[in-house]
Each structure stands twice: as C-alpha cells, then as structure tokens.
Amino acid sequence: IAGYENSVPFTISETIFDNLVVDSMRYYFLQRQGIALTGANAGVWTHDVGHPQDASVPLESDANNTRDVMQGWYDAGDYGKYVNAGATAVSDLLWSYELFSAEFPDNQLNIPESGNGVPDILDEIRWELEWMLKMQDADGGFYHMVKSKGGDGRSEWDSDTTPDVSPDLRFIRDNDVAGWGTRTNVKPTSVTGDAVAALAHAAEVFAPFDAAFANELLVSAEAGWTYLQNNPQYIEPIKGAPYTIPYVDFESVSPPLASSCTANNGSIAPDCDDRAWAAAALYRATGNTQYRDYFDSIYQKLNTTFTSTSENAYGPGLVSIPAVLAYFAANNQTPAVLSDLTNQFNGWRDHMLTRSNNAIWQTTLLDADYYWGSNYPNLTTPLALAVGTTLLGSYDDAIVDLSRKSFNYTLGINSLQFSFVSGYGENSLQHPFSQIYNFDNKPGVPAGIMSGGVNEYNNAFLYSEFPAKNYQDNAAAWSTNEHTVYWNAVVVFHSALAAQEATTNTAPTPTPTPTQDPNATIVPTPTNTPIPPTATPTPAPTATPPAGSTTMNVPIAENLVSGNQTNDYTFAHIQDYALEVVCERQSTGPGQKYDYVDHVWEFTIPAGQEAQTFVAYAWKGSSGVDDLNLAYSADNVTFNDLLTLGTTWNMSQTVAMPAGLSGTIYIRLT
C-alpha cells in the first residue's frame, strides 16, 4: 500500500499452525529426565542421561530411605520435578487431546515411542505419569518434589551444567526448613489431591489404548483418595515449596483445618480445591457416587473466581476451575449442582469476553496481571472457556475468537512486537532462562518454547510506565524468560485449536523443527524443512545510554574488597539488563552485627567526553538498614563522594562527573 511501510513476511495457509503443534509438544521430550537424548530423536539437542542419580534418591529427612524417581519432566529452567505443576500440565495436555484428537496422531513427534499405535502426545504424557506414580508413598500420599542439594544443603538452584554432567546430590524434599517446624515425611494434601485428579483424568483417556496402564493409574488415584480421607486435616506443603499457598503455621491451628474445607475461623482451607478436583476427576473415571457426593457437599466453598471481576482462571495450587471442568465432563451429575455451576460459568464467560473486547490487545489481562508468567493466565482463561463450553454444548465463534486474540498476543501482536514463542515470528524468543540451553554450548534454542513474558513486579531493573512493556529477552532473567511444563501446555492447546479451526482435513504429521537459527529472519509459519544450526549466536544489543549522553562506558575491571557478589562485570556486557549483583555482607563474631560492602569498578573515559554516572539499583529491605554510597577516584586511593543510594525499592539516578575527568576512573560502592 502506497505510503505505508511493508509488513514482515507472512504466509497464508490452512496448515499454518501444524508445526507449532509439533514443536510445542516436542518441548516435553527435550525436558525429559532419565533418558539419553540422541541425534535420532533430539536432532542437535543431544545429551546423555540427565541426573542418573535419580535412580536412587533419599528423602531429605531420612538418608536411608531411598527410591527410584527416574523419568518425568524437568519442570522449568531449573532441574526440579514437581508433582502439582506436572499434574496441571498433564491435565491441560489431556484436554488438548480430548478436544482436538485429530491434531495428535501417532508418529508425529519423532520420539522413541513413535509408531507404537498410540498417539505420541499420550506417549509423552505417560513419561510424566510414570514418574508421578513413583512419588506416591505406601499410604497413598504423594511427595511434592525432587530437587538438587547444593553446597548450602538447601539449594533451590542447580550447578551451572547440563543435566547429564550435574554433580549435584538429589533428594525428595519432605521436611521443613530449620526454624519453620520439625515435620518430616510430609506428603501435602493439596499436592496429593492434584496428583489424584491428573491420574484419574489420564486413566479415562488411556483406557482405549492400554487398559492395564489405565487401571494402574486409577488404582493409584483411589489410593491417593484414601490418603485424603484418612487425613481430613490440611497437611500443608513445606516452607518455600513452589506452586503452593504461602507457608503459614497451620499445624498450630485448633481445631485443625478439616476436610469440610472450612477452617475454624470460617475461611476456606487451602486444599479444598485440590480435594474437589480429585473427587470430580474420580467421579468421571469411575461413576462412583461417593466422589460426586463429596464434590456436591463442598462445591459452594470453592473459590472458582467465576464472580470475580479481576481474577483469571487457574494454575498449580489454584485448581477450582479444573475441578468444575472435571465435574462438567462426568455423567449423571446432580442436576441442581450442574445448573448452579453452569449459570456461574456462563456469567464468567460473558464477563471475560467483555473484558477482552474492551482491552487494547483484546486479551483478558488487566494492567495488574503482568506478573511472573503473565503469558499463562492470558492463555488459561480461553482454554478453560473452550473446554467448559465444549462440555456444556455452548462452544461458539466467540470462544474461538478469544483464543485467536489471546494467542495472537503471545505470538507478537503486543506492545513489544515480540513473539514469546521461540522460532515463531520475525522477532521471537531467543534467550530463555534454562539450565539446559544456557550451558550446552550450542547456538540457539529449540523452537516451540514459551517464556513467562511481561513482568512489572519482580525485576527491579525493568521499568516502564506502561505495564505491558516490562520485559527482556535475557537468559539470566527468570522474572521474564522462565519457561515451565504447564505454561507450554497452553501453547499446545491453542495451537491445536487453531490448527483444527483452519481445516477439517486430517491433521498432517510435519517433521518437527529441530533447531532455531538465532540469526535467521523467521517467517511466522514454519516449514517442514528443519532450520539448519548456525555457529554464530545473535550479537548482543548495545546498551541504551541515559538521555543526553552519546556513549555507554562499561567497566573494564573490578575488585570486590568485601561483600557478596553474583556474576561479574563481564556478565553485564551480554546485553541490556544482564545483571551483576553486589550486596552487603554481615559481620561475624560476638557483639553487635553490622552490614558492609566495598566494591570498586574500573572505567576508561575518553578525553573530551563529558561523563555522567548512571546507576539503576534495588534495595531489599530489612531492619537496621542504612544508605550506600558511590564515590569516584582517579588514582584508586583518594575517593570523592558522588552519589548516595537511599533505601528506595527500585531507583535509577544520573549524576554528572567533574568536567575534564578522563582516562582511568574508579567507582567505589561502600
């Protein structure tokens, strides 16, 4: 069109989403633990068996009590494996298959199980389910997670290696942190409820393909239900456990939070939704009315968010809506309960469609919703609406339209003109926060990974007055570029929905895209031809100087005299907002404790350049804090005060350096 800039290249095709279905599912194969990824199935993304030590892992509370916990998926960028996050991912993937089975044939994903007569998506889900079964104790309860133990004995992070060469000890985390109680052998009722629901859902779907395995899943699910019945009190997760209600000392509540889902103060027990999900899924799988009766007795206490004007759908630890969807999917529901929930759901549907229509980007996200993993609620709400309306017989073009608009946002129709899915879009994700891909010494990342997206809350070095612009494509930024198995499940769902809506033909079986060339200009529709790897990574963008300056000078050396440091000055050269963190440390020995830090950076300022110091910093509050100071020196001996960094949470300041200052300059933090 004359007078307008050309758009990026794009393709019009009925099969435009087919490869995204494949790549977003292939993500799970590449996240597998307990298998060597060979070139025949993994392409260039090979490594030996990840964490072979998982074949014999002790309980954290009892080193002599070990079990085989091989298999499953690494949950995210770290190497943890979590039952409740996995349960959410499994359930959403099962809904993808149930609603769009034509999009998921056998021999689709080039995984070792391809060609066995079972849809590849179910083979991949089975890898997680078989691990989940291993996390169940003899009494029916489920342990929450497998983690790595670092040098501090409580590490939440893993060694900076690929999983096959990790030296870390592994453990099943089952006891409280010192100072937070003395519980051991903890099997949370919330986590157990989620596992029961996922296993019961899977038993229903696997029955036509492998009756024996489906029966194994159902037996395990019913044993988990027995555990819940035998433990009517709320058994909360250990302190700091991911994907759970924040730790509170519920053990001291008297009377205990009970299976009626009502606490002694009238509030709702945090595992009420997990128990309801378990009951509804078991009722669907078995038809046993004891499960229906339990659900009917508590459903009015569920925080479904159906009447909220601000909340979104669900996620691990918040599963009231999955419980309702499972109830919708059952037969012979109690008419009054079904009618009540249907009316609530339809009201929520209308509200969310209106919310989308009134939004700039046509999603259901509000300004306050750009938190960690904001891409997930953007896609879970239309997923829940698509599943619910299908089960109720009210699926229509409005639901399809919401899915498209929400997915369009994810794929680049947003304020950043950025696709949060690797390999899809001209300007797409290239640097996810990932232990695997950060340390594999291979250029690029696989296609089909969705990052968490915009986050206006958890990164003090990101700031925009526009909430939807707080984002960085940075491999060090867990706050925006984490990925998880349950986030990618919604990509699978919406790509399958889009593929089915595009054509009524039999779903094709495209060759998966094995690699992403980080230098390539990628047309939004991938082809069936793999993109070849490249030896040259994308060059890092240059930093943006503060207003009024022309050159950004970065440190050329540094010296940590005292304090604590994460990363170094060279790490900050990678790209904008790659962070070096310097913190105070506390004095040791008897007497009054105090905090201190002394760190010096070395810069070179060209002659004739007017210099300014620009600093962005974050303060993490605690008692007894004081200001920090920046000072400058031309000889690294005599320092002159430059700037005081006050106790402000998120701040940036610019201060002019004295005129005529050039050559080697030292900036000191004390």
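In case you missed it, the structure is sitting above this.
Residues numbered from 1 in each chain as written. Predicted model: local features only at pLDDT ≥ 70, side-chain atom pairs only at ≥ 80, totals over all residues. Heavy atoms only, no water.

*Asks:* Is there a simple way to explain the overall build of the protein chain in this structure?
*Replies:* Within the protein chain, the secondary structure is distributed over 15 helices and 16 strands. Here the protein chain, with 670 residues, has 54% of them falling under the buried criterion. Contacts spanning at least 24 positions in sequence make up 70% of the contacts within the protein chain whose residues lie at least 6 apart. As displayed, the protein chain has an accessible area near 27,700 Å², and 51% of this comes from carbon and sulfur atoms. (Helix = DSSP H or I, 4+ residues; strand = E, 2+ residues; numbered from the N terminus. Buried < 20%, exposed > 50% of the residue type's maximum accessible area, 1.4 Å probe, protein only. Contact = heavy atoms within 4.5 Å. Areas by Shrake-Rupley, 256 points an atom, 1.4 Å probe, with all protein chains shown as cover.)

*Asks:* Explain the packing of aromatic side chains to me, please; I cannot follow it from the model alone.
*Replies:* By convention here, two paired aromatic rings are described through the distance between centres and the angle between planes. Using the criterion set out here, one finds 23 aromatic pairs in the structure. Aromatic side chains Tyr-376 and Tyr-486 sit 5.0 Å apart centroid to centroid with 85 degrees between the ring planes, which places their arrangement in the edge-to-face category. With Tyr-376 in helix α11 (residues 375-392) and Tyr-486 in helix α15 (residues 485-502), this residue pair connects regions lying 110 residues apart in the sequence. Among the residues examined, Tyr-376 registers a relative accessible area of 5% and is labelled buried. (Phe/Tyr/Trp six-rings, centres within 6.5 Å; stacked < 30°, edge-to-face > 60°.)

*Asks:* Looking at this structure, I do not really get the pattern of salt bridges. What am I missing?
*Replies:* Side-chain pairing between opposite charges can occur once the charged atoms of the two side chains come close. Tallied over the full model, the rule gives 20 salt bridges. The salt bridge involving Arg-32 is made with Glu-113; its shortest N-O contact spans 3.1 Å. Of this pair, Arg-32 sits in the loop between α1 (18-30) and α2 (39-42) while Glu-113 sits in the loop between α3 (83-99) and α4 (120-134), and the two are 81 residues apart along the sequence. Of the two residues, Arg-32 and Glu-113, neither departs from the other in class, the shared state being buried. Two residues, Arg-349 and Asp-396, come together in a salt bridge whose shortest N-O distance is 2.6 Å. With Arg-349 in helix α10 (residues 335-357) and Asp-396 in the loop between α11 and α12 (397-410), the pair connects residues that are 47 residues apart, well separated along the chain. Taking relative accessible area as the criterion, Arg-349 reaches 12% and is therefore assigned buried. By relative accessible area, which is 29% here, Asp-396 ends up partly exposed. A cluster of three or more residues bridged by salt bridges with shared partners is formed by Arg-67, Asp-137, Asp-139 and Lys-187. (Salt bridge = Lys/Arg side-chain N within 4 Å of Asp/Glu carboxyl O.)

*Asks:* I'm lost on the packing of α12 against α15 in this one. Help?
*Replies:* Packed helix pairs are specified by the crossing angle of their axes together with the interaxial distance, meaning the distance between the axes. One way to put it is that α12 packs onto α15 with a least axis distance of 10 Å and a crossing angle of 125 degrees. The angle between α12 and α15 falls in the class oblique. α12 and α15 meet at a crossing whose hand is left-handed. The residues of α15 that touch α12, namely those facing Val-400, Ser-403, Arg-404 and Phe-407, are Val-491, His-494, Ser-495, Leu-497 and Glu-501. Partitioned by chemical class, the residues of the contact of α12 with α15 number four nonpolar, three polar and two charged. (Axes fitted to C-alpha atoms, helices over the stretch in contact; angles between N-to-C directions. Parallel < 35°, antiparallel > 145°, perpendicular 65-115°, else oblique. Left-handed = near helix turned anticlockwise from the far one by under 90°. Nonpolar A, V, L, I, M, F, W, Y, C, P; charged D, E, K, R; others polar.)

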